[in-house]
Structures are given as C-alpha cells and as structure tokens.
Amino acid sequence: MREILLTFKSHAPWFLLGLVLWAIVYHLLPAVACRFDSRLASAFYRKQPELDYSWLSRLPSHWVESLSQRLLAAGFRERKSVAIYLLTMAAPVALLVLLATILRGPVHLYCLTGSLVAVLVNGWITHRIRQRRQSFQLSLYKIYRFLDLQLTAGVNAFDVLKGLPEAIAQPLIREDFLRFSARLELTQDLDLALDELQAAFTGPDMSLLASQLRNSMQTGVMGQTFQRMENLLFNRHLSLVRARSKQLRNDLLMVALLVLVPIEILYLYPLAAQAVLSLGQLYGP
C-alpha cells in the first residue's frame, strides 16, 4: 500500500496534466467534428453559446475604452475583441506558470516565455495599425480622384459617396468604407456615416477629408476642392508607393538571407570543426 502511494505521488503531476489535456480535448471534439464534417457544419454556429463579456464592466472604463480604440484602429470592431485581447495577453503567462508548477520546472523561464507571447501579440496589433494607416494614406489619392471623376461626370453626390468603396483597393480598410456606405444608405446622414470612418482612422488626413465632404454637401459646390486635393496628393502617393516598394525589396532580401543561413551553417561548420581539430593537433600537448 505504501509503495502504491509513493508511486502515485511521484506521478501525480503527470496525472493532473493528462487530466487537464483530456478535459480540453474532450470539450473540443464537438467543435472539431463540426469544422471538418460538412453535414454538421450548419449546426456549428446554431449550437454555439453566447459568450458573456459582462466581466469587462468590472474593469476601469477608461482603460477598456482605450483598448477598444486601439483595437478599432487595428480593424477589430466587435466587443469580444477586447476580451480576446486581454485573455491573449494574460492567459499564456498563467497557463505556463501553472504548467511549471505541475512539472516543477523553472517558473521564471515559463513566465518569461508567456510574457514573450504577450509582447508578440501586442507587436502584431501595432503592426496591423501601422499597415492600416499606410493603406489609408495610399488610398487618399484614389478617393479624391474617384470623387473628382464621378462628380465631373454628373453623378449625384450621394450616389458618389455610396459608391466610395469602389475606389478602395486595400483589403485592410475596404470593410470600413463598406460600413460607411451602408450607414449612409440607411440613414441618409453624412455625419453619422463619417463617424464610422473617423472612429477607425484618426489624424489630420481623415479630419480634412471629413470636413471637405461636409462643407461640400452644405454648400453644394463639389468638384473643385477634390480636384485640387487630387493634384496635391499625386506626388505624395508616388512617394508612398516608392517607399513601400523599397520596403518590400528589403523584406525580400532579408528573407533570402535568412533562408541562406542554414545552408551556410551546414557548409561552414565542417570546415570550422576541421580547422579547430587541426589547430588542436598542432598546438596541443
């Protein structure tokens, strides 16, 4: 009996870890089945329970609002995005510390690994915000050109604004302009529709575009302002395209160099090992 207890105590961490993994896999099996079986795919979303995000109200409201604005700038509008972001930042650290406790490993190393995951997630959000800002700046010239050409052709102003997503070729920001067009179609209110864009894109460029659209709709003079802005933004658009092309070339060069690193190691390691061995034989005792 004593030997059985000692054996159980020695294997208790592995038993607990296996139990946790079994519970996770068991609860994921229905979702996996619905994902890979076309006959069950239609039932997947019907049976998906509504998640409760009321716990967000217990956090400081200004902090949650700041996170919402940051995620909105990255293109995530749903309320669940804040919860997923917070869980992604905190869950890796907690799970890895729990795993370190179960396996009796170095807690600080597991904690650093979890913190690294959180830093990578935060860095990806920052990178996505930068990409969306660059996409918007690249699209400004096309927006003003589209407005100028359509209005010069005699198309109704509201119809031109509702068709504004046709001028957007950047997939990262196209959905925001589709929301703008849909809000304008439903409400016939330019201010409410512009709120969709101003919430997603902040800065002087968006403020200038919104003010020009409002002034043009109020005064009824639409055309000359957009033509002047098109001429002003043409050189800026070309410089942005050149900068983006240069960045892509640098990224491709970096990828090519990283691909060559393993080959260089495989080629140089035997030569270095042979040189060290020869030096050891020459100058060794």
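Residues numbered from 1 in each chain as written. Predicted model: local features only at pLDDT ≥ 70, side-chain atom pairs only at ≥ 80, totals over all residues. Heavy atoms only, no water.

Colleague: What is the right way to read the overall build of the chain from this model?
Modeller: In terms of helices and strands, the chain carries 10 helices and zero strands. The buried share of the chain, taken over its 285 residues, is 26%. Summed over all atoms, the accessible surface of the chain reaches about 19800 Å², with 65% contributed by carbon and sulfur. (Helix = DSSP H or I, 4+ residues; strand = E, 2+ residues; numbered from the N terminus. Buried < 20%, exposed > 50% of the residue type's maximum accessible area, 1.4 Å probe, protein only. Areas by Shrake-Rupley, 256 points an atom, 1.4 Å probe, with all protein chains shown as cover.)

Colleague: I keep staring at a nonpolar patch on the surface and nothing clicks. Help me out?
Modeller: A cluster of nonpolar side chains, contributed by Leu253, Met254, Leu257, Leu258, Leu260, Val261, Ile263, Ile265 and Tyr269, occupies part of the molecular surface with about 910 Å² of accessible area. Judged by its relative accessible area of 39%, Leu260 falls in the partly exposed class. (Patch = residues over 30% accessible without salt bridge, like charges linked within 9 Å, V, L, I, M, F, W, Y side chains within 5 Å. Salt bridge = Lys/Arg side-chain N within 4 Å of Asp/Glu carboxyl O.)

Colleague: What is the right way to read the side chain of Arg132 from this model?
Modeller: Position of Arg132 relative to the elements: it lies in helix α5 (residues 107–152). The buried category is assigned to Arg132, whose relative accessible area is 2%. Reaching out from Arg132, the side chain makes a polar contact with the backbone oxygen of Ala73 at a distance of 2.7 Å. Excluding its chain neighbours within four sequence positions, the residues that come into contact with Arg132 are Leu72, Ala73, Ala74, Gly75, Leu172, Ile173, Asp176, Ala200 and Phe201. (Polar contact = N/O pair within 3.5 Å; in protein donor to acceptor, adjacent residues only side chain to side chain. Contact = heavy atoms within 4.5 Å.)

Colleague: Which parts of the structure should I look at to understand the nonpolar core?
Modeller: Note that soluble globular proteins tend to have their nonpolar side chains buried in a common cluster. Residues Leu147, Phe177, Phe180, Phe201 and Leu213 are the most contacted members of the largest nonpolar core, which totals 31 residues. Elements that contribute at least two residues to this core include exactly α5, α6 (157–162), α7 (171–187), α8 (190–200), α9 (204–219) and α10 (224–283). Once residues lying within four places of it in the same chain are set aside, the contact partners of Phe201 are Arg132, Phe136, Ile173, Asp176, Phe177 and Met206. Counting nine residues, the second-largest nonpolar core is a separate cluster that includes Leu71, Val82, Ile125 and Ile129. (Core = buried A, V, L, I, M, F, W, Y, C linked by side-chain atoms within 4.5 Å.)

Colleague: Is there a simple way to explain the packing of aromatic side chains in this structure?
Modeller: The relation between two aromatic rings is expressed through the spacing of the ring centres and the mutual angle of the planes. Under the criterion given, the structure shown has four aromatic pairs. Joined through ring pairs, the aromatic side chains of Phe136, Phe177 and Phe201 make up one cluster. (Phe/Tyr/Trp six-rings, centres within 6.5 Å; stacked < 30°, edge-to-face > 60°.)

Colleague: Honestly, the side chain of Ser135 in this entry has me stumped. Any pointers?
Modeller: Looking at the secondary structure, you find Ser135 in helix α5. Accessibility expressed as a relative area gives 1% for Ser135, which makes it buried. Not counting the four nearest positions on each side in its chain, Ser135 is found in contact with Gln170, Leu172, Ile173 and Arg244.

Colleague: Is there a simple way to explain the pattern of salt bridges in this structure?
Modeller: Pairs can form between side chains of opposite charge once their charged atoms are near each other. What the rule picks out here adds up to nine salt bridges. In this structure, Asp176 engages Arg77 in a salt bridge whose closest nitrogen and oxygen atoms are separated by 2.8 Å. With Asp176 in helix α7 and Arg77 in the loop between α3 (61–73) and α4 (80–103), the pair connects residues that are 99 residues apart, well separated along the chain. Relative accessible area serves as the criterion here: at 3%, Asp176 is assigned to the buried category. Lys162 serves as the salt-bridge partner of Glu185, at 3.2 Å between the closest nitrogen and oxygen. Taken together, the positions of Glu185 in helix α7 and Lys162 in helix α6 put the pair 23 residues apart, joining distant regions of the chain. A cluster of three or more residues bridged by salt bridges with shared partners is formed by Arg77, Arg132, Asp176, Arg179, Arg183 and Glu196.

Colleague: Looking at this structure, how should I read the packing of α4 against α5?
Modeller: The description of two helices packed together rests on the angle between their axes and the distance between the axes. Relative orientation of the contacting elements α4 and α5 amounts to 165°, with a least axis distance of 8 Å. Judged on the interaxial angle alone, α5 and α4 are roughly antiparallel. Helix-helix and strand crossings are classified by hand; for α4 and α5 the assignment is right-handed. Between α4 and α5, the residues in contact are Tyr85, Thr88, Met89, Pro92, Val93, Leu96, Val97, Leu99, Ala100 and Leu103 and Val107, Tyr110, Cys111, Thr113, Gly114, Ser115, Val117, Ala118, Val121, Asn122 and Ile125, respectively. Of the residues belonging to the contact of α4 with α5, the class tally is 16 nonpolar, five polar and no charged. (Axes fitted to C-alpha atoms, helices over the stretch in contact; angles between N-to-C directions. Parallel < 35°, antiparallel > 145°, perpendicular 65-115°, else oblique. Left-handed = near helix turned anticlockwise from the far one by under 90°. Nonpolar A, V, L, I, M, F, W, Y, C, P; charged D, E, K, R; others polar.)

Colleague: Can you walk me through α4 in this structure?
Modeller: What sets the pattern is the α-helix's 3.6 residues per turn: residues three or four places apart point alike. Look at α4: 33 Å from first C-alpha to last across 24 residues, which is about the 34 Å you get at 1.5 Å a residue. At Ala90, α4 shows its largest kink, close to 35°, and the proline Pro92 lies no more than four residues downstream. Of the positions making up α4, those classed as buried are Ser81, Val82, Ala83, Tyr85, Leu86, Pro92, Ala100 and Ile102. (Expected span 1.5 Å × (residues − 1). Bend = angle between axes of the 7 residues up to and from the residue.)

Colleague: Before we go on, may I ask you to explain the packing of α7 against α8 in this structure?
Modeller: At a closest axis distance of 8 Å, the pairing of α7 and α8 adopts a crossing angle of 165°. With respect to α8, the element α7 is oriented roughly antiparallel. Once α7 is placed against α8, the crossing between them reads as right-handed. Residue-level contacts link Asp176, Phe177, Arg179, Phe180, Arg183, Leu184 and Thr187 of α7 to Leu190, Leu192, Ala193, Leu194, Glu196, Leu197 and Ala200 of α8.

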